[in-house]
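Structural overview for review
Single-letter residue listing:
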Amino acid sequence: MSASESTTGGVFLVSVVGQIEKAHFPSYDNMYCKYTFVYGPDWEIVTGIEEGISQIAQKSQDERQQVVWNFPLDISFKSTNPHGWPQLIISVYGLDTFGNDVVRGYGVCHLPVVNGQSSEEMIMFVPESSSTLQKLTSWLTGKRPEYVDARLLARGDGREVTRVRSQGCVWIKFNVVFKDFHQYGFENDNNS
């Protein structure tokens, strides 16, 4: 697409390169993460992939006890308006004592709305069973509460009935570049 097409077509571009760097889950080890981008109906992926899965990584043996993935993110979007701004959803998984693959945390954030490099410290959470009996049953069967579709986290509706607790943290680095964004009256410079 040429610059004149993007200007006359009312389209702006958002390009994001970065990485899911590391995580800190003090009680867990041998974890991997999945990511997915969720965006509004006026948004379209130009390049890159919408979802991915990292390698399994072990916790460092030093006092920080971090799991390091350095898992790359590389995606570009085009849109006609900022409504439905893209969000990044991360799900972290690991094995429990019975060898079952269980969720260790979910997190969600909007992509940065400024040019340049930025970092995000994403506080993770997990769904909780609503009763003691359900907690016991889930522990015995190895079937912990989890979302069937993590995309639910990007929407506000339906989340108010879910009990969750904080658990862990994930760090993400973003490098964002915009094209033709300012032509529609939007300011997104770090210097502004």
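Residues numbered from 1 in each chain as written. Predicted model: local features only at pLDDT ≥ 70, side-chain atom pairs only at ≥ 80, totals over all residues. Heavy atoms only, no water.

Labelled according to an unreviewed UniProt entry, the protein appears under the name B9 domain-containing protein 1, originating from Acyrthosiphon pisum. Of the protein, the UniProt comment under Subcellular location (unreviewed entry) reads exactly: "Cytoplasm, Cytoskeleton, Cilium basal body". (UniProt positions renumbered as here; feature names shortened; annotations may be inferred.)

As for the overall build of the protein
A count of helical and extended segments in the protein gives two helices and nine strands. Moving toward the C terminus, one meets the helices and strands of the protein in the order α-β-β-β-β-β-β-β-β-α-β. Within the span of the protein, comprising 192 residues, buried residues form 40% of the whole. Across the protein, contacts joining residues at least 24 apart in sequence account for 75% of those joining residues at least 6 apart. (Helix = DSSP H or I, 4+ residues; strand = E, 2+ residues; numbered from the N terminus. Buried < 20%, exposed > 50% of the residue type's maximum accessible area, 1.4 Å probe, protein only. Contact = heavy atoms within 4.5 Å.)

Some remarks on the nonpolar core
The biggest cluster of nonpolar side chains holds 32 residues, and the ones touching the most others in it are Ile-20, Trp-69, Leu-88, Ile-90, Val-92, Val-170 and Phe-174. Among all residues touching Val-170, those that are not within four sequence positions of it are Ile-20, Lys-22, Ala-23, Phe-25, Trp-69, Ile-90, Val-92, Glu-120, Glu-121, Met-122 and Met-124. (Core = buried A, V, L, I, M, F, W, Y, C linked by side-chain atoms within 4.5 Å.)

Details of the environment of Phe-37
For Phe-37, the location among the structural elements is in strand β2 (residues 31-38). In contact with Phe-37, other than residues within four places in its own chain, are Ile-49, Glu-50, Leu-73, Ile-75, Phe-77, Gln-87, Leu-88 and Leu-111.

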